[in-house]
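These are the residues of each chain, in order.
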Amino acid sequence: QGSAQASGPRGVTRIASEECTMVDEGECVSPSGYAAIDQEDECGGAGPDSAERGHGADYLAANRSCPLLCTMSGDLWMHFMSFMEFTEVFQLCEVSRDFVVHNKAVLERVQDLRWSHQWVQQDLQPMLMACCNVQAINAAGCYNITDDQVVMIAECAPNVKSLDLSGCSRIATKSVKALAERCRSLEMLRLRACKRIASHDAAVHLTELAARCVNLEHLDLRCCNMEDNLLINLLAACTNLRSLDIGSTGFAHVSDNVLITISQHCRKLEQLGVMCCRNITDRGVEAIARGCGETLRSFTVHCCFDLTDNSLVCLANFCKRLESLNVHRCLRITDFGIERLAAGCGQTLHTLDVSACRINDSAILAIATNCPNLRVLDVRSCEQITSASIKLIAEKCPGLEQIDLSCCKRLDDEAIHALAEHSKNLRQVEFSKGHKITNAAHDHLMDKLGSAVAIYF
C-alpha cells in the first residue's frame, strides 16, 4: 500500500496506489498507476506533455514503456514493491511492456499472489509464467474470472499449494478438470459459492483431484450445494483433510450419510462446518464425535434444527480437544445439553455461540463455572438469561475478549457494570439499549475500558 518514488536531480517520479497524490512539481497522479515523469528527466524520457497526461496509463501503454520501470531490477525492485500490493505491481504492465523481461529474477521470488478482477487476459500468462515459484494464489471475490483463466493458472503454476477461488461463480467443470490434471501439490482449495462445480461432471473431476492431491488438508465447498452422493464419493478420497466446510447460507443437501463418510475417512479432521445443513440429526453428529473426536477442535452446526441435547452429550464425551462450537438457532438444544458440554469440554473451550437457543441462566452459569479459558461468547437473542449469569461470566472468565448480548431483553445495567469491572481483556461488546440497559451503564463501560473496546448497540 502507499506510493513508491525514485528521485533524481531534476524531478520526482511517483506511482499512486489508493488515492490521488501530489508530487513535488504539483502534478497530480491518478490511482490508475499513471507515472508523471518530468520533462527530460534522468531516465532519458522526454516526459509527457499536458495532452499526454490527460490520457494517463492507457496512453502510455499504447505509445511507449517507462524506462525507469524497464531497467529497475534486483534489490531496488524488491524495495519498490515493498511499498505496494503485488496487484499494483502487476498493473505496471500498463506502463511497461518489458516489465516481465527485465524483472524475471524478482518475479521468480514471488510466493503469494493476490488476483485482481481488473487484470486483462493478455497480460496474465507471461506474468504467471514468470512467477514460477508462486505457492499461494488468492482470487477470492474475482467474480469475472473464467474457466480459461483457471486453466491458465493450472498450466503456469502447477506447483501452487493454496488456491482460493471463493466467489468465482463463473467457473465450472473445465476449471476443476484442469486443476485435477495439473495441480498435484494443492494443500488448500477454496471453492466457496462456486455453484457450477456442483454438477456431476465437475464433482467427478473434483474427486479425481482429491485422490491425486495427497496433501490436500483444507477444502471449502460452502454454498456449492453439492448433492449427497457426489459429496460422499468426494470425501471418501480426502483422507488427510484437516478442515472442511460444506455448509450453506440457505439449505444444503447434506445428510447424516455425509457425516458418517467423514467420520470413516477424514480421521484427522480438526475443523468442520455444516451450517444450515438441515437434514443432519444427532446420528450424524454422534458419528463425527466418535470418528473425529480425538482431533476435532472447531465445529459449526449453525441452524441445524433437528439437533438435540444428545449431540452435545456426544461431543462432551468424545471431543476432549474442542475449542470452538457454534450451535446458533439449534432450537431443540436446552440447558441440559449446554451443561453437559461445559462439563466435558470446558477446559479447552474458548469460543461458544449459543445465540437464539432456548436456554436460561443455568446454562450460562455452567459455562461460567466450567470454561475458565472462554474468550468469545455469543448469547444474542437468548431472551431468558439475566444479569446474574452474565455477572458470573465476567467474574469467572478473565480472558473474555468478545461478548454479544444483543436482544437479551432481561439484562439490565448490572450485567454491563460487571463487564466493566471484571473483563479487563474485553475488546468487543454488543448489547441493546432501550430495554433495561441505560446510557449510564454504557458510559461506565467506556470510562473503564476506553478506546480498547468496541461497543455496538
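Conventions and cut-offs
Residues numbered from 1 in each chain as written. Predicted model: local features only at pLDDT ≥ 70, side-chain atom pairs only at ≥ 80, totals over all residues. Heavy atoms only, no water. Helix = DSSP H or I, 4+ residues; strand = E, 2+ residues; numbered from the N terminus. Buried < 20%, exposed > 50% of the residue type's maximum accessible area, 1.4 Å probe, protein only. Contact = heavy atoms within 4.5 Å. Areas by Shrake-Rupley, 256 points an atom, 1.4 Å probe, with all protein chains shown as cover. 1 Å grid on protein atoms, 1.4 Å probe; cavity = no way out; pocket = protein on both sides within 12 Å on 5 of 7 lines; lining within 4 Å. Points joined across faces, edges and corners; volume = space filled by probe spheres on them. Core = buried A, V, L, I, M, F, W, Y, C linked by side-chain atoms within 4.5 Å. Nonpolar A, V, L, I, M, F, W, Y, C, P; charged D, E, K, R; others polar. Polar contact = N/O pair within 3.5 Å; in protein donor to acceptor, adjacent residues only side chain to side chain. Salt bridge = Lys/Arg side-chain N within 4 Å of Asp/Glu carboxyl O. Disulfide = S-S within 2.5 Å. pLDDT = per-residue confidence, 0-100. Axes fitted to C-alpha atoms, helices over the stretch in contact; angles between N-to-C directions. Parallel < 35°, antiparallel > 145°, perpendicular 65-115°, else oblique. Left-handed = near helix turned anticlockwise from the far one by under 90°.

Quick notes on the overall build of the protein
A tally of helices and strands in the protein yields 19 helices and 18 strands. Relative to its full complement of 457 residues, the protein shows a buried share of 52%. Restricting to contacts in the protein with at least 6 residues of sequence separation, those with at least 24 account for 73%. Just so you have it, the protein exposes about 19,700 Å², and 46% of that area is on carbon and sulfur atoms.

Digging into the layout of surface pockets
The computed volume of the largest pocket comes to approximately 240 Å³. Taken together, 16 residues line the largest pocket, and the ones lying closest to its centre are Arg192, Ser243, Leu244, Asp245 and Gln271. Elements supplying a minimum of two residues to the lining of the largest pocket: strand S8 (188-190), strand S9 (218-220), strand S10 (243-245), strand S11 (271-273) and strand S12 (298-300).

Remarks on the nonpolar core
In terms of nonpolar packing, the biggest core is built from 131 residues, with Ile262 and Phe299 touching the most fellow members. Examining the composition of this core, we find that 6 residues originate from one element, helix H8 (residues 147-156), more than from any other. Residue contacts for Ile262: discarding those within four places in its chain leaves Leu235, Leu244, Ile246, Arg267, Leu269, Leu272, Ile288 and Cys292.

Concerning empty space enclosed by the protein
If you walk through the whole model with that rule in mind, you get 1 cavity of 30 Å³ or more. Reported here for the largest cavity is a volume of approximately 40 Å³. Residue lining of the largest cavity: Leu221, Cys224, Asn225, Met226, Leu231, Ile246, Ala252, His253 and Val254, and that is the complete set. Of the residues assigned to the lining of the largest cavity, the class counts are 7 nonpolar, 2 polar and no charged.

Here we look at helix H18 (residues 413-422)
For H18, every residue scored as buried is listed here: Asp413, Ala415, Ile416, Ala418, Leu419 and Ala420. Those residues of H18 that are buried lie in contact with helix H17 (387-396), strand S16 (402-404), strand S17 (428-430) and helix H19 (439-449). N-capping of H18 is provided by Asp412, with a side-chain oxygen placed 3.0 Å from the backbone N of Glu414.

Re the side chain of Ser298
By the element assignment, Ser298 lies in strand S12. Given the relative accessible area of 17%, Ser298 is considered buried. Once you skip the residues sitting within four places of it in the chain, Ser298 turns out to touch Glu270, Gln271, Leu272, Leu322 and Ser324.

So, the environment of Leu235
With respect to the element layout, Leu235 can be found in helix H11 (residues 228-235). Each C-alpha atom, one on Leu235 and one on Ala211, is 9.7 Å from the other, the two residues being 24 residues apart in sequence. If sequence neighbours within four positions are ignored, Leu235 has contacts with Leu241, Leu244, Val258, Thr261, Ile262, His265 and Cys266.

Re the pattern of salt bridges
When charged atoms on two side chains of opposite charge get close, those side chains can pair. As enumerated under the stated definition, the model contains 15 salt bridges in all. Between Arg297 and Glu323 there is a salt bridge, with the nearest N and O atoms lying 3.4 Å from each other. Pair noted here: Arg297 is in the loop between helix H13 (282-292) and S12 and Glu323 is in the loop between helix H14 (309-318) and strand S13 (324-326), with a separation of 26 residues, a long-range link. When the shortest N-O distance is used, the salt bridge between Asp378 and Arg380 registers 2.0 Å. Among the charged side chains, a network of salt bridges with common partners joins Asp164, Arg190, Arg192, Asp220, Arg222 and Asp245.

Focus on the environment of Arg184
If you trace the backbone, Arg184 turns up in the loop between helix H9 (173-182) and S8. Note on Arg184: relative accessible area 43%, which makes it partly exposed. In the structure, Arg184 is positioned 32 residues away from Leu216 in sequence and 9.1 Å away in space, judged by C-alpha atoms.

Things to note about the environment of Glu208
Looking at the secondary structure, you find Glu208 in helix H10 (residues 200-212). For the pair Glu208 and Ala180, spaced 28 residues apart in sequence, the C-alpha to C-alpha distance is 6.1 Å.

Describing unusual backbone geometry
In this model, Cys276 sits at a positive phi of 60°, which is unusual for a non-glycine residue. Note on placement: Cys276 falls in the loop between S11 and H13. Not every positive phi belongs to a glycine, and Ser381 is a case in point at roughly 65°. Residue position: Ser381 is located in the loop between strand S15 (376-378) and H17. Residue Ser381 is classed as partly exposed on the basis of its relative accessible area of 34%.

Points about the state of the cysteines
Cysteine pairs can be covalently joined through their sulfur atoms, and such a bond is termed a disulfide. Under the definition given, this model contains 0 disulfides. Lacking any disulfide linkage, Cys168 is separated from the closest cysteine sulfur, that of Cys194, by 5.6 Å. As a non-bridged cysteine, Cys382 has Cys408 as the owner of its nearest cysteine sulfur, 5.7 Å distant.

Section: the confidence of the model for the protein
In the predicted model, the protein carries a mean pLDDT of 83, and the fraction of residues at 70 or more is 77%. Confidence drops under a pLDDT of 50 for residues 1-65, and excluding neighbours within four residues, the segment shows 124 contacts in the predicted structure.

Overview of the packing of H10 against H11
Relative orientation of the contacting elements H10 and H11 amounts to 15°, with a least axis distance of 8 Å. Classified by the angle between their axes, H10 and H11 sit roughly parallel to one another. H11 is crossed by H10, and the crossing has right-handed handedness. When H10 is examined against H11, the residues His200, Ala203, Leu206, Thr207 and Ala210 are found in contact with a partner set consisting of Leu230, Asn233 and Leu234. In terms of residue class, the contact of H10 with H11 is made up of 5 nonpolar, 3 polar and no charged.

Topic: the side chain of Ser355
Take Ser355: it is sitting in the loop between strand S14 (351-353) and helix H16 (361-370). Within polar-contact distance, the side chain of Ser355 engages the side chain of His328 at 2.6 Å. Residues contacting Ser355, with those up to four places away along its chain left out, are Val327, His328, Arg329, Asp378, Val379, Arg380 and Cys382.

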